[in-house]
Amino acid sequence: MNKDIKAIILDLDGVVTETSEYHFQGWKRLAEEEGISFTREDNEQLRGVSRSKSLELLLGDYIDNYTKEEFQEMMDRKNGYYQEYLTEMGEEDLLPGARELLDEIKERGLKMAIASASRNAKTVLKGLDITQEFNTISDGYSVENAKPAPDIFLHTAKKLGVKPEECVVLEDAESGVDAALAADMVAVGVGPKERVGHGDYRFDSTADINLTEFLDNLK
Ligand SMILES: O=P(O)(O)OC[C@H]1O[C@@H](O)[C@H](O)[C@@H](O)[C@@H]1O
Ligand SMILES: [Mg+2]
């Protein structure tokens, strides 16, 4: 693959920081209140999935018992719980290897962006104190069609002023890898084979990403 890479686009939750436990606690609290079973395993399916799609998955067939207004109220309620957990976030919530990865991207002179499905992405970045690191930030408000649609990545590339094929995407979610592939970018999965093995490359975790070696191999 002879690639001229100009930008690295990072997913936030699961690549830079691990918020899935907070999402899980929020959804679990809501599910208990509604008398619906929701396990840690169920939560894995919500990785990278938008808030509304997550609630649809959580409710399953029970969705027909709720009005549109009740659905909205439940999304708001879960988000309130999630935001309570976020107030406790700090730099210590960066995933192992994340700080080094951001430094390496900068040192190589590459552009760097966040493309997250979360509407809380800016709050999370602020909590981690890394907002200033990025050339641009796309979040759950940036585009209409969530991952696995390629929209958020294409939107981000446009804001960076680079072509899709000049971008590498780092993603921990199945839907995120799908979105990066659909955007014609180099899709790098971060996580187990069963989840992100369909990307162009894969690393077990953020700490395992050797960017220099990886980029040199692309040439
Ligand atoms: O509810 P929020 O903060 O807008 O997040 C939407 C989604 O954002 C993604 O980054 C998370 O992986 C999902 O679990 C989450 O549902
Ligand atoms: Mg993610």
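The structure presented is a predicted model; accordingly, all values stated were derived computationally and were not measured.

## Describing the domain arrangement of the chain
Interface size is commonly expressed as the accessible area that is lost once the parts come together. Examined at the domain level, the chain breaks down into domain 1 (7–17 + 95–218) and domain 2 (20–86). Using C-alpha coordinates to define each centre, domain 1 is positioned 25 Å away from domain 2. Across the boundary between the two partners, domain 1 contributes 16 residues, which contact 10 residues of domain 2. Taken together, the elements giving at least two residues each to the side of domain 1 that touches domain 2 come down to α6 (121–128) and α8 (174–182). By residue class, the composition of the side of domain 1 that touches domain 2 is 4 nonpolar, 7 polar and 5 charged.

## Notes on the nonpolar core
By size, the foremost hydrophobic cluster in this structure holds 41 residues, and its most contacted members are Ile9, Phe153, Cys167, Val169 and Met185. Where this core is concerned, the elements lending two or more residues are β1 (7–10), α5 (98–107), β2 (111–115), α6, α7 (151–160), β4 (167–171), α8 and β5 (186–190). When residues of this core are assigned to their parent elements, the largest contribution, 5 residues, is made by α7. If sequence neighbours within four positions are ignored, Met185 has contacts with Phe153, Pro164, Cys167, Val168, Val169 and Ala180. Trp27, Ala31, Phe38 and Leu55 belong to the second largest nonpolar core, which has 6 residues in total.

## A word on the packing of helix α1 (residues 20–34) against helix α4 (residues 68–86)
The N-to-C vectors of α1 and α4 enclose an angle of 140°; their axes lie 8 Å apart at closest approach. As summarised for this structure, α1 and α4 are arranged oblique, according to the angle between their axes. Once α1 is placed against α4, the crossing between them reads as right-handed. The residues of α4 that touch α1, namely those facing Tyr22, His23, Gln25, Gly26, Trp27, Arg29 and Leu30, are Met74, Arg77, Lys78, Tyr81, Tyr82, Tyr85 and Leu86. Taken together, the residues of the contact of α1 with α4 break down into 8 nonpolar, 3 polar and 3 charged.

## What to know about α7
Those residues of α7 that sit buried are Ile152, Phe153, Leu154, Thr156, Ala157 and Leu160. A positive phi of about 75° marks Gly161, the residue just after α7.

## Overview of the confidence of the model for the chain
Residues of the chain with pLDDT of at least 70 account for 99%, and the chain-wide mean is 96. On the interface metric, ipTM, the complex scores 0.98, and its pTM is 0.95.

## Some remarks on unusual backbone geometry
Residue Lys147 is joined to Pro148 through a cis peptide bond whose omega torsion reads 15°. With respect to the helices, strands and loops of the structure, Pro148 is situated in the loop between β3 (136–138) and α7. Of note in this structure, Asp129 is not a glycine but carries a positive phi near 60°. Among the structural elements, Asp129 can be located in the loop between α6 and β3. Of note, the phi angle at Asp184 is positive, near 65°, even though the residue is not glycine. Relative to the helices and strands, Asp184 is located in the loop between α8 and β5. Of the residues examined, Asp184 has 15 C-beta atoms within 10 Å and is grouped as partly exposed.

## Notes on the site of ligand 1
Asp13, Arg51, Ser118, Arg119 and Asn120 are the nearest of the 19 residues found near ligand 1. Taken together, the residues of the shell around ligand 1 break down into 5 nonpolar, 10 polar and 4 charged. A domain split of the shell around ligand 1 shows at least three residues from each of domain 1 (7–17 + 95–218) and domain 2 (20–86).

## Here we look at the sheet that holds β2
If you walk across this open sheet you meet the 6 strands as β3-β2-β1-β4-β5-β6, and the pairing is parallel. Edge positions in the sheet fall to β3 and β6 (201–203), since each of these pairs with one other strand and no more. Direction aside, neighbouring strands of the sheet carry axes that sit 20° apart on average. Note: β1 against β4, 4 bridges, orientation parallel.

The rules behind these values
- Residues numbered from 1 in each chain as written.
- Chains lettered and ligands numbered in written order.
- Predicted model: local features only at pLDDT ≥ 70, side-chain atom pairs only at ≥ 80, totals over all residues.
- Domains from an automatic or database assignment.
- Contact = placed C-beta atoms within 7 Å.
- Helix = DSSP H or I, 4+ residues; strand = E, 2+ residues; numbered from the N terminus.
- Nonpolar A, V, L, I, M, F, W, Y, C, P; charged D, E, K, R; others polar.
- Core = buried A, V, L, I, M, F, W, Y, C linked by C-beta atoms within 7 Å.
- Buried ≥ 20, exposed ≤ 12 C-beta atoms within 10 Å, placed from the backbone.
- Axes fitted to C-alpha atoms, helices over the stretch in contact; angles between N-to-C directions.
- Parallel < 35°, antiparallel > 145°, perpendicular 65-115°, else oblique.
- Left-handed = near helix turned anticlockwise from the far one by under 90°.
- pLDDT = per-residue confidence, 0-100.
- Near = placed C-beta within 6 Å.
- Pairing = 2+ DSSP bridges.

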